[in-house]
Amino acid sequence: MSDVMAVAAIEAIQGERRLYGFAVNGCDVGRFADISRLRRGERNDLRGYQRPEVSSHINEIRRYLESPGALLPNAIVVAFDSTVRFLPGAGPDTGPTRAGTLLIPVTDDKEVERAGWIVDGQQRTAALRDADLHAFPVFVTAFVASDQHEQRSQFILVNSTKPLPKGLIYELLPSTEGVLPTYLERRRLPAALLERLNQDADSPLLGKIQTPTSPNGVIRDNSMLKALEHSISDGSLSVYRSGHETSIEGVDAMLSLLKSFWGAVAVVFPDAWQLPPRRSRLVHGVGVVSMGFVMDAVVERAGGSSVVPRDVFEAELSRLRPYCHWTSGAWDLGGGVVRAWDDVQNTSRDIQLVTNHLLQKYRQLNRALAG
């Protein structure tokens, strides 16, 4: 049996269509709106339009919603059928909008079809459903659809807008606060280090990393972030972390080590350091990530010291220089694999091949010295 929920709403006119905006407790959205799952009918006809729930995404949103100061400004978009009714209020009309009350059929019976279908926001709705919250109001933007074809069209339009460039998100991360999805939280510290490396006057990478505010940089931000992220989680930079926290002193120590290493790279490979990626694999993704692993190996050989001077890095990289082919020649990657210098690409496989090659040569050199 269905009841009716009365909510204060704003009606807006767009051409011949009417939109409704209102706020409800997040856990109540499921009482008036279903999710139309994409599937095939008995005659193989296409039905629905929503993808399956993504549990990891839902858990990320739920974790955020249960954190202090959570904010969910994005409206959930719902397509209603003709059973909803709008009752204008007594106040004056204000141009294309008017205030009133929206009457929405609701039900708690899972077998009864709802009056609305979620066009955008199914993961947020699921997170609100599962979250341990007494109340969490959310905005809903709604329209009346004639049929599922119109709902599907709106679903495609809403979800086909161009997402924010990742570079912009990464550059914004250091100045954010609060809880973020895990994949962004993991990159917050690397992004902060990248910002300092690209901005500090004493950094050998000053202006050299390409970001939205530094478009002339030659090193892709994502490549440097990968190198930093690995070193923070499993490499030489991990020693400066206490659990998941990093002190200001820890960040400064990380930066000191990174500046020493990349300063040594610039000295040992001066020509390759000054060229663009198409002419130098050193500043290419394959070079940046593989050299990050070399940095960790050098620090490990130095006993994991918290301070490795630039001249030590220079000496170690100089020994490795004959086996690096950043701008000419060919990489002998072992196992009969020989690749022209510019044939190695920014792929996981090629990065792994070059990294293994450099680390193997470095270990061989160290064993020779020890023997």
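Residues numbered from 1 in each chain as written. Predicted model: local features only at pLDDT ≥ 70, side-chain atom pairs only at ≥ 80, totals over all residues. Heavy atoms only, no water.

## Considerations on the overall build of the protein chain
- Tallying secondary structure elements over the protein chain gives twelve helices and 14 strands in all.
- Across the 371 residues in the protein chain, those meeting the buried criterion constitute 42%.
- When contacts within the protein chain are restricted to residue pairs at least 6 apart in sequence, those whose partners lie at least 24 apart make up 67%.
- Approximately 19900 Å² of the protein chain is accessible, and the part contributed by carbon and sulfur atoms is 52%. (Helix = DSSP H or I, 4+ residues; strand = E, 2+ residues; numbered from the N terminus. Buried < 20%, exposed > 50% of the residue type's maximum accessible area, 1.4 Å probe, protein only. Contact = heavy atoms within 4.5 Å. Areas by Shrake-Rupley, 256 points an atom, 1.4 Å probe, with all protein chains shown as cover.)

## Considerations on the pairing of strand β2 (residues 17–25)
- Note: strand β1 (residues 3–14) against β2, six bridges, orientation antiparallel. The residue bridging Ile13 from the neighbouring strand is Arg18, located in β2.
- In sequence, β1 turns back onto β2 through a hairpin of two residues, with Gly15 there showing a positive phi of about 60 degrees.
- Direction of pairing for β2 relative to strand β10 (residues 137–144): antiparallel, over a ladder of seven bridges. Paired with Tyr20 across the bridge in β10 is Ala142. (Pairing = 2+ DSSP bridges.)

## Focus on the confidence of the model for the protein chain
- Scored by pLDDT, the protein chain comes out at a mean of 86, with 86% of its residues at no less than 70.
- Low pLDDT (under 50) marks residues 44–51, which in the prediction has 41 contacts with non-local residues, meaning those over four places away or in another chain. (pLDDT = per-residue confidence, 0-100.)

## Examining the environment of Ser203
- Within the fold, Ser203 resides in the loop between α6 (182–199) and β11 (209–210).
- Each C-alpha atom, one on Ser203 and one on Gly263, is 7.7 Å from the other, the two residues being 60 residues apart in sequence.
- Of the polar contacts made by the side chain of Ser203, one reaches the backbone oxygen of Leu197; its length is 2.5 Å. (Polar contact = N/O pair within 3.5 Å; in protein donor to acceptor, adjacent residues only side chain to side chain.)

## Describing the nonpolar core
- If you look at the biggest cluster of nonpolar residues, it comprises 60 residues, and the most contacted ones within it are Leu237, Trp262 and Met291.
- Those elements that provide at least two residues to this core are α6, α7 (221–234), α8 (248–268), α9 (270–274), α10 (285–301), α11 (310–320) and α12 (348–370).
- Each residue touching Met291, except ones within four places of it in the same chain, is listed here: Phe261, Trp262, Val265, Phe269, Leu282, Leu317, Trp326 and Leu358.
- Grouped together as the second largest cluster of nonpolar side chains are 31 residues, Val7, Tyr20, Val84 and Val138 included. (Core = buried A, V, L, I, M, F, W, Y, C linked by side-chain atoms within 4.5 Å.)

## Regarding the sheet that holds strand β3 (residues 33–34)
- Taken in spatial order, the eight strands line up as β3-β9-β6-β10-β2-β1-β8-β7 in an open sheet, and their pairing is mixed. The sheet terminates laterally at β3 and β7 (85–88), the two strands that pair on one side only.
- Bridge analysis of β7 against strand β8 (residues 97–106) gives four bridges, and the strand direction is antiparallel. Across the sheet, Pro88 pairs through a bridge with Gly100, a residue of β8.
- Contacts between helix α3 (residues 122–130) and the sheet are confined to β6 (76–80), β9 (116–120) and β10, with β9 contributing the most and set at about 115 degrees to the helix. (Axes fitted to C-alpha atoms, helices over the stretch in contact; angles between N-to-C directions.)

## Some details on the packing of α10 against α11
- Interhelical geometry of α10 versus α11 gives an angle of 120 degrees and a closest axis separation of 11 Å. It follows from the interaxial angle that α10 and α11 lie oblique. You can see that α10 and α11 cross each other, and the crossing is right-handed. Across from Met291, Val294, Met295, Val298, Val299 and Arg301 in α10, the residues of α11 making contact are Phe313, Glu316, Leu317, Arg319 and Leu320.
- Looking at side-chain class alone, the contact of α10 with α11 contains eight nonpolar, no polar and three charged residues. (Parallel < 35°, antiparallel > 145°, perpendicular 65-115°, else oblique. Left-handed = near helix turned anticlockwise from the far one by under 90°. Nonpolar A, V, L, I, M, F, W, Y, C, P; charged D, E, K, R; others polar.)

## Thoughts on the pattern of salt bridges
- All told, the structure shown has 20 salt bridges when counted by the stated rule.
- Residue Glu229 is joined to Arg187 by a salt bridge in which the shortest nitrogen-to-oxygen separation is 2.9 Å. Placement of the pair is Glu229 in helix α7 and Arg187 in helix α6, with a sequence separation of 42 residues. Arg187 carries the same exposure label as Glu229, and that label is buried. (Salt bridge = Lys/Arg side-chain N within 4 Å of Asp/Glu carboxyl O.)

## Re α10
- The terminal C-alpha atoms of α10, which comprises 17 residues, lie 25 Å apart, in line with the 24 Å expected from a rise of 1.5 Å per residue.
- With 14 of 17 residues buried, α10 lies mostly within the body of the structure.
- One or two positions beyond α10, positive phi appears at Gly303, with a value near 90 degrees. (Expected span 1.5 Å × (residues − 1).)

## Details of α7
- With 14 residues, α7 ought to run about 20 Å at 1.5 Å a step, and its terminal C-alpha atoms sit 20 Å apart, in line with that.
- Of all the residues in α7, the buried ones are Asp221, Ser223, Met224, Leu225, Ala227, Leu228, Glu229, Ser231 and Ile232.
- Structurally, α7 contributes buried residues whose contacts are with α5 (166–172), α6, β11, β12 (219–220), α8 and α10.

## Thoughts on the environment of Ile35
- In this structure, Ile35 sits in the loop between β3 and β4 (39–40).
- Placed 87 residues apart in sequence, Ile35 and Gln122 show a C-alpha to C-alpha distance of 6.9 Å.

## Thoughts on the packing of helix α2 (residues 55–65) against α3
- Two numbers describe how α2 lies on α3: the axes approach to 8 Å, and their chain directions differ by 55 degrees. The angle between α2 and α3 places the two elements in the oblique class. Seen along the crossing, α2 lies across α3 with a hand that is right-handed. On α3, the residues that touch His57, Ile58, Ile61, Arg62 and Leu65 of α2 are Gln123, Arg124, Ala126, Ala127, Leu128 and Asp130.
- Here the contact of α2 with α3 is built from residues that sort into six nonpolar, two polar and three charged.

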